[in-house]
Every structure is written in structure tokens, then in C-alpha cells.
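Okay, here's what each chain looks like letter by letter:
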Amino acid sequence: MKGLKWRAILIAVVLVAAVVYLLPSLNVPLPAWWHGTLPDDKIHLGLDLQGGMHLVLEVQADEAVKTTLDRLIDEVKEVLRKEKIGFRSIERNQAGHLVIQLPDGSRRDRLREVLEKEFPIVEWVEAAETSDGFRAVCRMKDKEAAHIRQLAVSQALETIRNRIDQFGVSEPDIRPQGENRILIQLPGIKDPKRALDLIGKTAILEFRLVAEGVDPHTDPAALPAGVKVYPMRRFDPSTGRTVEGKIALKDRTLLTGEYITNANVRIDSQYNTPYVALEFDPQGARIFERITGENVKKQLAILLDGVVYSAPVIQEKISGGRASITGSFTMEEARDLAIVLRAGALPAPVVILEERTVGPSLGADSIRKGFLSMVVGSVAVVLFMILYYRFSGVIADVALILNVILIMAGLAAFQATLTLPGIAGIILTIGMAVDANVLIFERIREEMRMGKTPKAALDAGYARATLTILDANITTLIAALVMFQFGTGPVKGFAVTLSIGIIASLFTAIVVTRLIFDYLFVERRMRTLSI
Amino acid sequence: MEFIRPDININFVGMRGKAVSFSVLLILLGALAIVWRGGLNMGVDFSGGTLIQVKFSQATTPDAIRDALKDLGIGRSAIQQVGSGSDNEFIVRSDISEEKAKRVSDDIQARLDQAYGPGKTTILRVEMVGPKVGQDLRQKALLAIYYALLFIALYISGRFELKWGTSGVMAAALLLGVYLLGLTGLSMTYLIIGALVITLVLCWILKLPYALGAVVALIHDVFITVGIFALLNKEFNLTIVAALLTIVGYSLNDTIIVYDRIRENLRGSRKGDLKDLINRSINQTLSRTLLTSGTTLLVVLFLFLLGGTVIHDFAFALLVGIIVGTYSSIFIASPLLIFYEDWAAAKGIAKRRA
């Protein structure tokens, strides 16, 4: 029979391809020529199986717009001073508009002209005489604001990628999601808290002068203008403890971390405590030299994300662009701080929208239990089929085993991720794969009862059951495809194995078993059918 | 070997009244449970919050854990033992989903270290979903259910009746109806209900009794499964939705097998009572229906028993869904054809009189 040969070749090709795709996942030693010529990818395990952390962060991109506006205010002030346009105040209001107060409206046209020429990113909103002078309101152009937001997200992504690379995670997956979200997958992470601290830290480093003579415990309303109170973490070397306190600082930021070129952990030889040594680029070094020179004998505070870590007294002008942050660090904290300073600050703070962490022990447990239920379930089904359909059951079991091989190979070939629900999907397919054979076999039994010969019953059984099998599976396939489209991680994994499983089971149950039967009837001249 | 004798003849059709009453009762019970509990027990996926699975090195009780976490405002109902007793594993839920750098799980770990001693507790799993993502996931889940129902309704309306032209009309009408519904700005839940109603009405108007029966059976299966989850106060999360969609796909499986046989028998003999023919078809396919569901049920049962805590509820949903799906294809889907036929006949007589 000619068709027999071609079907046999087709099945052989599929089987060989499946084995080739599956071998790398089985941890068997492969010959050297394999790599590079044949598929080399293992089945990828989901975070719920190998353990790890799944994070969705949102970049507070509006904060980046606010920061830009604040920086703009300083620049506007400078330009207005140069242009000799007197102003009372320039502030950012709740709506994110720039409000410029002038003593009177006499220079309004000049103001508008200067703003439009020097600051093309802002546009004039309104201006009006007020009881005590003149008020102009400007805002950032929508296009510019959108650009800043976009930039903030892409910069945050880059910075986080840098930090994670330096932290050392194997095969991290970091990608943008939607407009301002970042999806991070860190397989096999051991210390999720530490990883999260490292990723989530804004890491804005600032140098500010201490407001000397101001008691940080005074009522905030009574503080002098341009002074604010900040929390302080101070390490007391004599007791070896960290003291939480308060300190009053001047508002003006003299230097930020953006000029840092390098940061490393060093050990203080005197107290044997770690500290972080910083190196500035030439521009930063010049600024640092100037501010230390201008403020000798004054206290310079070093802030990280609004918390003061140390506030040493400047002994002399420091040139060469080196500084250090001492403070109450453990070795680990100092190392992580050095990483975030090297990788740079986030352009805007991030918040965690979603976190799913699975410990390695639970992941291993899930794999073990998942495979145990798969093996037990398969054995039960295999035995049942043999008991119920005897020899034909054996043929269905061959198809079933081939089916599992095809699903696994499919996962490796499509580089799909195997999740715990994915294993459930395989288990479900094992149950459903014999469905098709049960349908065919029941039909054959029926036809034989009606007096047909085994071969005729076989042909009729396959012919009549095939369409029903297709129908029954297509609806499940539709559900699986929709799940794939809308599902997240684990659910997607389920949808993938279910879809591959359905297609594989159609192939094995209809094509493979039919071939075996045909071979037996045609080539081996089988006369009876054990079913 | 044979479980079901070939000459079996159970009067399933005769039991249709009782079966429908039973189903309606089950659905009502589920609906009551939902109302009673003030909605489904939404997991952190949909409601937002934090779920933590902790393993203790010694035996402990939910009360002791609650005491240790007292100042975090975690109630007793939020602490639940999972796995076997000797595992000492608990799941702790909190409504809070800290979006700042500080994690609820760190707070909980710190409190547990204090109460049980450092290193005595291990956090196995953390699931934190912020309100924004919770809302997104809810929307996604509803969309998934919606599209699955839409596509499956379209497929069966065409396939069952082998009238693809009618199916085209159906598709166009359904899409138009859903589009118009969408314009009203109703929430997704109402859109789904609306789409279902439109589907049923269209099946009715276009005289597609098989599609009508299949869609009703499908809704029946999902409602009962959801109702049982509400009755047992089990948590409803993303994987449960996946299980529901699988049930939708799978429960049609058996229905299709019976319907195919009914149509086959109809082609054979146009004469005779429809009730007898349907009953004969159910009996002829009974062995297949029970065996195919049986093998699937068998493997899912092992998944339920051996699969571990993470997959437990998912396997449970599948288990319930497969049982209900098999029941509905025998007792609900086929008798519906009779109800439809009776209605059509009554209408036919009425027409003749007029």
C-alpha cells in the first residue's frame, strides 16, 4: 500500500525532529558537532518552577517632568537676572505651571519675549495684573512633557538593566510594558528583598550645606527661609550602632550624583567598616573643588534619596574629584550602594505595581509534584487503556507516549516557557489524547457488533469518528488561543501546552494509530482485532 | 472489557424535568452564596493585595500566626493552612499592596522572626498585586471570557447546523449587537451578559437549536462551577479563569459527540418520535461520553491529589467542570432540543389554526 509508506515517512520525520529538539533538554552529553548545527535550546522553565522574581514597575514619569520644571526655574531666574527683569518669585504650582510674580506689569512684553526666545519648551498661558503686581503663568508644551516622560521611562529601563547586570543575575529579562511600565523577570534570585532595594532605589545623590545654628527639632513653620529638616542615619563608631536623627540643611543642592564616573567599596582601616569611594568626572571635580574651597570649616551633608548619610566638616579645598560616603553600611549595603551610584540615578522614582516571587524550594517542589501527578496519571491511563481495549489499548498508549514527546519537543522548538499550569496542561492533554482513541475504538466496537469485518469496522470507525474528534478539539483550541492572547505568565504557559497538546494529540490519535492498524492489517495480514 | 453494555437503554430524556430542576437549584444555590458573601472571593490577582505562603519549622496554628501579625491588621480568615498537616505551611493574605519600596512581605517576615525566632520561618512565595494591575487583570480576564464565548458561539452555530451562511448572519448580528452595546459604555461584565443574551436570542430567531443547546449547556457548566467556588468560599484568581475557559472548551466536547450522533440518527430515519431518537443517541454514546470524561477526570484527579498547593484550586475547578460538563451534555444539552422542538411544534400548530 503506497499511502502507508508515505505516512510512515511523515511520522518518522516528525518523530526524529521531535527527538532532535528534545535532546538538549534531557541533559545527555551531546557530541561537539551538535552545537551550532542542530537545535541547542533547552525547555525554558517559568519562574514558578525554577524560582525567581517577577516584577512590574511603574516609572513615575510625571515626577521627571516636575524635576525638569524645577531645574528650569533656576535657569529662568538666572536669565531674568541677566536681563535685569526684576521678579518677586518664580514657583511651580499644583497644576505643574510656572508662576512668575513681577512687581508690576511694565516689563511683561520683555518677559514674554525673553521666555519665548530662551525657553522654547515652555509656552505662555496667561498673564494678569494682581493686587500686588503682575502675574504670568507658563507651562511646559505637551510635546515636550511627553518627550520627557518617554525619556524618563527609557532611561529608567537602561539604569535598572545596568544595576541588575552589575548585581549579577543569570538571564534576567527586562523589558518595557505599555507606556510607562517595566517588566522584570529575575530567575533564581536568592534574596528578593535585596534585589528589590537595588532596583527600586531612585539613588539621587546630593551634596548640601548644613544650616549651622539651626536646631532641627524646631517647629517646621519656624525654620528660617531656605532651610529644611531631613532625616539622618549616622553611624557611631564608638558604640558601633546606627543612630537615626534629624539635621537641618540648606535648600540649595550644590552637586549631584550625575557627575560620578566610578564608585567602589573600600574598608576604613581605623574602624574596619566599609564605605563607598566616589570619583567625579572633570566637570564634577571642578564643582567639588569650588564648593569645598568656598565652604572650608563648614559641614557638607551627603544625601541619598533625601536621607543624610554623613555630614563631615570640610577641612580644606578638595581637588582631584574624589569623595567618600561613610555611614552605617553593612558590606552588602555598601556594595549595592556602589552599584546604584555607578549605574546612575533613576530619572524618576519607580513604584512596584506587581510582584510575584517564588522561592527555589517551592519551585523545585512544584516540579516534583507536577511530574509525579503527570507520571501517576499517565500510568493510570496507560493501564486503563490496556485493560479496557487490550491490544488496541497498547496501540493507543504508543500514541499517548508519542504525544507527550511531541508536546515537550514543541515546547523546546517554540522556545515556550513551561510553567506549573503548563504541566497541568500536559496532564490534561494526556487525559484528552486518549479521548480521540476512545471515540474511534468505541465506534469500531459498535461497527463490529453490527457484523462488519474487523478491517471494515476499522475503516468506518476512523472515518466516522474523525470529524467528531476535530470538532471536539477545535472548541478547546479556541479557548486555549484566547487564553494565550489575554493570559499572563503561568496562564500563557497553560495555553501553550494545551494548544500544542491538542494538535499533537490529533496527529498521534488519528494518524499514528491508524498507520499502526493499517500496517498490521495490510502487511502482517492480521485477521482479528483485539479491542 | 466493557463498563456500559451495548444494549443499555436508560430513559435520560424522561428525567429531563428533574435534571433541569436540579441544575436550576444548583445555580440558584451558587447565586445565593455569591449574594450572601457579597460577591466572589476575589484573589489578589483581581482585588489587589498580598498573598504570602510561609513554611514553619515547627507546628503552629492560625491563631498563633494572627497574634504574631496582630499589628499588621491581618484577620483570622486571612490565614489558612495548606498542604498536609505535617508541612506546616500557611497562606497569609493582606489587602495591603505596598507600592513603595517597603514590602508587606518584609513586614510579615520581620514579625514572624520576632515571634518564632529568626530562621524558623521561610517565605516560599509572595504574590503582590497593586490595585492598578488588579484592575488590568480583571479587565483582561473578562475580555478573555468574552472572546472565548464569542468565538465558540460563532463556531458552533456554524458547525452544528452546517449552515455557514446562517452562521455568517449570526456573526454579523452578534458583532453588531456587541458593538452597539459597547457604545453604551456599560462595564465589561454587562457586556458579557449582553453578548450571551444576544447569542441565545439569535440562536432562537435563526432556528439553530443545536447551537442554542450547546451555548446553554456551556453557560450552565460555568455558572455551576463558579457557584460551587462561591459555596466553598474558594478564591477566584487568574488560573481559575483559565480553568473556566478550559471547561468551556472541554464541556462542548461531550455535547458535540452526542449532537453528532443525534444528527446521524436523524439522517437515518426521518420518522419516529424525536424523544426516542434523542434518548437512543444518548445511550449509544454513553459509553464514549463516560470513558472520555473518565480518563480526563482520572488524570485531573491525580493532579488534584498530588499536584501540590499551588495548583490545588486550579485542579479542583477542572474536576468540578469536567463532572458538570459531562452531566450537562447528557441531561441538559440534549433534552433542550426536545424543549425547542416542543415549542416549535406548538407554534406550528398555532400558525395552522390562524
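Residues numbered from 1 in each chain as written. Chains lettered and ligands numbered in written order. Predicted model: local features only at pLDDT ≥ 70, side-chain atom pairs only at ≥ 80, totals over all residues.

A. Highlighting the overall build of chain B. Across its full length, chain B holds 11 helices and four strands. The principal-axis extents of the C-alpha atoms in chain B amount to approximately 85 × 55 × 30 Å. Within chain B, the fraction of its 354 residues that count as buried is 46%. When contacts within chain B are restricted to residue pairs at least 6 apart in sequence, those whose partners lie at least 24 apart make up 78%. (Helix = DSSP H or I, 4+ residues; strand = E, 2+ residues; numbered from the N terminus. Buried ≥ 20, exposed ≤ 12 C-beta atoms within 10 Å, placed from the backbone. Contact = placed C-beta atoms within 7 Å.)

B. Up close: the overall build of chain A. Within chain A one finds 13 helices and 19 strands. Counting every position in chain A, which comprises 531 residues, the buried fraction comes to 41%. Residue pairs at least 24 apart in sequence account for 70% of intrachain contacts in chain A once pairs closer than 6 positions are excluded.

C. Highlighting the UniProt feature "transmembrane region" (unreviewed entry) in chain A. Residues annotated by UniProt as "transmembrane region" (unreviewed entry) correspond here to residues 370-389, 394-414, 420-441, 462-487 and 493-517 of chain A. Secondary structure across residues 493-517 of chain A comprises 100% helix and 0% strand; the distance between its end C-alpha atoms is 34 Å. (UniProt positions renumbered as here; feature names shortened; annotations may be inferred.)

D. Quick look at the UniProt feature "domain: Protein export membrane protein SecD/SecF C-terminal" (unreviewed entry) in chain A. Residues annotated by UniProt as "domain: Protein export membrane protein SecD/SecF C-terminal" (unreviewed entry) correspond here to residues 352-516 of chain A. The straight-line gap between the two end C-alpha atoms of residues 352-516 of chain A is 56 Å; of that span, 88% is helix and 5% is strand.

E. Inspection of the nonpolar core at higher detail. In terms of nonpolar packing, the biggest core is built from 239 residues, with Met483 of chain A together with Ala148 and Leu245 of chain B touching the most fellow members. Among the elements that take part in this core, helix H10 (residues 360-413) of chain A stands out by supplying 18 residues, more than any other. (Core = buried A, V, L, I, M, F, W, Y, C linked by C-beta atoms within 7 Å.)

F. Representation of the environment of Ala412 of chain A. All names here are of chain A. For Ala412, the position within the fold is in helix H10. Owing to 24 C-beta atoms within 10 Å, Ala412 belongs among the buried residues under this scheme. It is 48 Å that separates the C-alpha atoms of Ala412 and Thr256, two residues lying 156 residues apart in sequence. Excluding residues within four positions of it along the chain, Ala412 makes contact with Tyr21, Leu22, Ser25, Asp41, Lys42 and Ile43.

G. Structural view of the sheet that holds strand S13 (residues 260-267) of chain A. Residue and element names in this part refer to chain A. Taken together, the three strands give an open sheet; going across it, the order is S13-S14-S17, and neighbouring strands pair in antiparallel fashion. Either end of the sheet is taken by a strand with one partner, and the two such strands are S13 and strand S17 (322-325). Neighbour-to-neighbour, the strand axes of the sheet open up by a mean angle of 25 degrees, direction not taken into account. As defined by bridge partners, strand S14 (residues 274-280) adjoins S17 across four bridges and the pair is classed as antiparallel. (Pairing = 2+ DSSP bridges. Axes fitted to C-alpha atoms, helices over the stretch in contact; angles between N-to-C directions.)

H. Up close: the UniProt feature "transmembrane region" (unreviewed entry) in chain B. All names here are of chain B. According to UniProt, the feature "transmembrane region" (unreviewed entry) maps to residues 20-39, 141-157, 164-182, 188-206, 211-232, 238-259, 290-308 and 314-340 in the numbering used here. Annotated as 95% helix and 0% strand, the span residues 211-232 places its first and last C-alpha atoms 32 Å apart. Taken end to end, residues 238-259 has its terminal C-alpha atoms 32 Å apart, with 100% of it in helix and 0% in strand.

I. Representation of the packing of helix H1 (residues 16-36) of chain B against helix H8 (residues 209-231) of chain B. All names here are of chain B. Viewed as axis vectors pointing N to C, H1 and H8 meet at an angle of 45 degrees, and their least axial separation amounts to 8 Å. With respect to each other, H1 and H8 are oriented oblique. The element H1 and its partner H8 pack so that their crossing is left-handed. Only His220, Phe223, Ile224, Val226, Gly227, Ile228, Ala230 and Leu231 of H8 make contact with H1, whose side of the interface consists of Ser23, Leu26, Ile27, Leu29, Gly30, Ala31, Ala33 and Ile34. Its residues placed into classes, the contact of H1 with H8 shows 12 nonpolar, four polar and no charged. (Parallel < 35°, antiparallel > 145°, perpendicular 65-115°, else oblique. Left-handed = near helix turned anticlockwise from the far one by under 90°. Nonpolar A, V, L, I, M, F, W, Y, C, P; charged D, E, K, R; others polar.)

J. Spotlight on helix H13 (residues 489-523) of chain A. Residue and element names in this part refer to chain A. With 35 residues, H13 should cover 51 Å at 1.5 Å per step; its first-to-last C-alpha distance of 48 Å lies within 8% of that length. If you look at H13, its biggest bend is around 25 degrees, right at Thr508. Of the residues trailing H13, Arg525 is marked for its positive phi of about 50 degrees. (Expected span 1.5 Å × (residues − 1). Bend = angle between axes of the 7 residues up to and from the residue.)

K. How the structure looks around the interface of chain B and chain A. The interface is formed by 59 residues belonging to chain B together with 61 residues belonging to chain A. Among the secondary structure elements, those contributing two or more residues to the side of chain B that touches chain A are strand S4 (121-129), helix H5 (131-161), helix H9 (238-268), helix H10 (274-306) and helix H11 (312-353) of chain B. Per element, the largest residue contribution to the side of chain B that touches chain A is 13 residues, and it comes from H9 of chain B. For strand S18 (residues 350-358) of chain A and S4 of chain B, the ladder comprises five bridges, and the chain directions are antiparallel.

L. Representation of the pairing of strand S1 (residues 49-56) of chain B. All names here are of chain B. Burial within S1 is extensive, with six of its eight residues counted as buried. Here S1 pairs with S4 via eight bridges, running antiparallel. Its bridge partner lying in S4, Leu51 is registered against Glu127.

M. Representation of unusual backbone geometry in the model. Of note in the backbone geometry, Glu171 of chain A takes a positive phi value of approximately 55 degrees without being a glycine. Tracing the backbone through its elements, the reader meets Glu171 of chain A in the loop between helix H6 (142-167) and strand S7 (173-177). Since 11 C-beta atoms lie within 10 Å of it, Glu171 of chain A is described here as exposed. The backbone of Asn233 of chain B shows a phi angle near 55 degrees, a positive value even though the residue is not glycine. As for its placement among the helices and strands, Asn233 of chain B is situated in the loop between H8 and H9.

N. Examining the domain arrangement of chain B more closely. Per the domain assignment, the segments of chain B are domain 1 (29-42 + 133-348) and domain 2 (49-129). Here the C-alpha centre of domain 2 of chain B lies 39 Å away from the C-alpha centre of domain 1 of chain B. (Domains from an automatic or database assignment.)

O. Inspection of the sheet that holds strand S6 (residues 133-140) of chain A at higher detail. All names here are of chain A. Taken in spatial order, the four strands make up an open sheet running S3-S4-S6-S5, and their pairing is antiparallel. Two strands in the sheet have a free side with no partner beyond their single neighbour: strand S3 (89-92) and strand S5 (122-130). When strand polarity is set aside, the average angle formed by the axes of neighbouring strands in this sheet is 20 degrees. Of the pairings in the sheet, the one linking strand S4 (residues 98-102) to S6 comprises five bridges and is antiparallel in character. From the neighbouring strand, Ile100 faces S6, where its bridge partner is Ala136. Relative to S3, helix H4 (residues 61-82) is tilted by about 170 degrees, and along the sheet it contacts S3, S4 and S6.

P. How the structure looks around the pairing of S3 of chain A. Residues and elements named next belong to chain A. Sheet analysis places S3 next to S4, joined by four bridges and oriented antiparallel. Of the residues in S4, the one forming a bridge with Ile90 is Ile100. In sequence, S3 turns back onto S4 through a hairpin of five residues, with Gly96 there showing a positive phi of about 80 degrees.

Q. Structural detail: the environment of Arg159 of chain B. Counting through the fold element by element, Arg159 of chain B comes out in helix H5. As a C-alpha pair, Arg159 of chain B and Ala211 of chain B span 52 residues in sequence and 8.6 Å in three-dimensional space.

R. The packing of helix H11 (residues 420-449) of chain A against H10 of chain B, seen in detail. Two elements in contact, H11 of chain A and H10 of chain B, have axes separated by 9 Å at closest approach and are oriented at 160 degrees. Taken together, the axes of H11 of chain A and H10 of chain B lie roughly antiparallel to each other. Between H11 of chain A and H10 of chain B lies a crossing whose hand is right-handed. On the side of H11 of chain A, the interface is formed by Ala424, Ile427, Leu428, Ile430, Gly431, Met432, Val434, Asp435, Val438, Leu439 and Glu442 of chain A, while H10 of chain B contributes Ser287, Arg288, Leu291, Thr292, Thr295, Thr296, Leu298, Val299, Val300 and Leu303 of chain B. Classifying every residue of the contact of H11 of chain A with H10 of chain B by side-chain character gives 13 nonpolar, five polar and three charged.

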